Amino acid sequence: MTNSDSIEAVMRALQRQQSEAYEREPIPAEPIIEVARAFLPRSPTQNARIEGPGGLAPGNDSLIKARYASTILRVAQTSDREAAARLVGSIAGDLPLQSELPEIADIHLRAIDSFVQLATSLRDTTNPKQQPAWKTAVDAAADWLRAVEMLGQLTIH
């Protein structure tokens, strides 16, 4: 599945959910983050932030996180390897809210997976000639941001 196919699938799902919402009360989606929580290290502060009720709507939270991740990746690319690993690692633990749309949460979790892989490759000093997977992480962040921005455009109209 290409990135374009993923975006189109999200758009179709969002449009379907929007039309269904007008017809009946929406059924809460099963949170898909529980599996990811077991594998991602978090501090008590992050746990409270993830599990506590936030003041932001899920779409706004995801938009802010996606923009932040894109910015951190740009800064990390200009940093030395050790600083870049810390920067990228810091965005890898920022999970989606439980109330996030499953399609957006899935794209977010795929971006996190690419951030984890990038941070791991940056920390690996055994093979200094190996190039970190910057393109994969940057593309994943861009896909996530694009999907969240499209969601925002759908909900405004």
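In the block above lies the structure referred to throughout.
Note that the structure is predicted; figures quoted are calculated from it, not measured. (Residues numbered from 1 in each chain as written. Predicted model: local features only at pLDDT ≥ 70, side-chain atom pairs only at ≥ 80, totals over all residues. Heavy atoms only, no water.)

Asker: Help me out: how do you make sense of the overall build of the protein chain in this one?
Answerer: Tallying secondary structure elements over the protein chain gives 7 helices and 0 strands in all. The order of helices and strands in the protein chain, counted from the N terminus, is α-α-α-α-α-α-α. Sorting the 157 residues of the protein chain into buried and exposed places 39% on the buried side. Within the protein chain, residue pairs in contact and separated by at least 24 positions form 75% of the contacts whose partners lie at least 6 positions apart. Counting every atom, the protein chain has about 9400 Å² of accessible surface; 57% of that belongs to carbon and sulfur. (Helix = DSSP H or I, 4+ residues; strand = E, 2+ residues; numbered from the N terminus. Buried < 20%, exposed > 50% of the residue type's maximum accessible area, 1.4 Å probe, protein only. Contact = heavy atoms within 4.5 Å. Areas by Shrake-Rupley, 256 points an atom, 1.4 Å probe, with all protein chains shown as cover.)

Asker: Hey, could you run me through the pattern of salt bridges in this one?
Answerer: Should their charged atoms come close, side chains of opposite charge can pair. Counted under the stated rule, the structure contains 6 salt bridges. Note that lysine 65 is salt-bridged to aspartate 61, the shortest N-O span being 3.0 Å. Placement of the pair is lysine 65 and aspartate 61 together in helix H4 (residues 58-77), with a separation of 4 residues, close to one helical turn. Pair check on accessibility: lysine 65 and aspartate 61 agree, each one buried. It is possible to trace a salt-bridge network through shared partners that takes in Asp61, Lys65 and Asp94. (Salt bridge = Lys/Arg side-chain N within 4 Å of Asp/Glu carboxyl O.)

Asker: Just checking my understanding: could you explain empty space enclosed by the protein for this structure?
Answerer: Where empty space is left becomes clear once a probe the size of a water molecule has been rolled over the atoms. All told, the structure shown has 1 cavity of 30 Å³ or more when counted by the stated rule. Taken as a whole, the largest cavity holds about 40 Å³ of empty space. Lining the largest cavity are Lys65, Tyr68, Ala69, Ile91, Asp94, His108 and Trp144. A per-element tally of the lining of the largest cavity places H4 first, with 3 residues. Its residues assigned to classes, the lining of the largest cavity comprises 4 nonpolar, 1 polar and 2 charged. (1 Å grid on protein atoms, 1.4 Å probe; cavity = no way out; pocket = protein on both sides within 12 Å on 5 of 7 lines; lining within 4 Å. Points joined across faces, edges and corners; volume = space filled by probe spheres on them. Nonpolar A, V, L, I, M, F, W, Y, C, P; charged D, E, K, R; others polar.)

Asker: Any chance you could explain helix H5 (residues 81-92) here in plain terms?
Answerer: Along an α-helix, a turn takes 3.6 residues, which lines up residues three or four apart on a common side. Relative to the 16 Å expected for 12 residues at 1.5 Å per residue, H5 spans 16 Å between its end C-alpha atoms, a close match to the ideal helical length. Of all the positions in H5, only Ala83, Ala84, Ala85, Val88, Ile91 and Ala92 are classed as buried. Where H5 begins, the side chain of aspartate 80 points an oxygen toward the backbone nitrogen of glutamate 82, at a separation of 3.1 Å. (Expected span 1.5 Å × (residues − 1). Polar contact = N/O pair within 3.5 Å; in protein donor to acceptor, adjacent residues only side chain to side chain.)

Asker: I tried to follow the nonpolar core on my own but got confused; where do I start?
Answerer: Soluble globular proteins tend to bury their nonpolar side chains together. In terms of nonpolar packing, the biggest core is built from 32 residues, with Leu73, Val88, Phe115, Trp134 and Trp144 touching the most fellow members. Sorting the residues of this core by element identifies helix H1 (3-23), H4, H5, helix H6 (102-123) and helix H7 (134-156) as the ones contributing at least two each. Considering each element in turn, this core owes the most residues, 11 residues, to H7. For tryptophan 134, the residues in contact, after removing those within four places along its chain, are Leu73, Ala76, Gln77, Ala84, Val88, Leu118 and Leu122. (Core = buried A, V, L, I, M, F, W, Y, C linked by side-chain atoms within 4.5 Å.)

Asker: Could you clarify how one ought to interpret the packing of H5 against H6 in this entry?
Answerer: Between two packed helices, both the angle of their axes relative to each other and the distance between the axes serve to describe the pair. One way to put it is that H5 packs onto H6 with a least axis distance of 8 Å and a crossing angle of 155°. Here H5 lies roughly antiparallel to H6, going by the angle between them. In this structure, the crossing between H5 and H6 has a hand that is left-handed. Residues Arg81, Ala84, Ala85, Val88, Gly89, Ile91 and Ala92 of H5 touch H6, and the partners they reach there are Ile112, Phe115, Val116, Leu118, Ala119, Ser121, Leu122 and Arg123. (Axes fitted to C-alpha atoms, helices over the stretch in contact; angles between N-to-C directions. Parallel < 35°, antiparallel > 145°, perpendicular 65-115°, else oblique. Left-handed = near helix turned anticlockwise from the far one by under 90°.)

Asker: Is there a simple way to think about the side chain of lysine 65 in this case?
Answerer: Lysine 65 gets classed as buried once you look at its relative accessible area, which sits at 10%. Non-local contacts of lysine 65, meaning those with residues more than four positions away in its chain, are made with Asp94, Leu95, Pro96, Leu97, His108 and Trp144.

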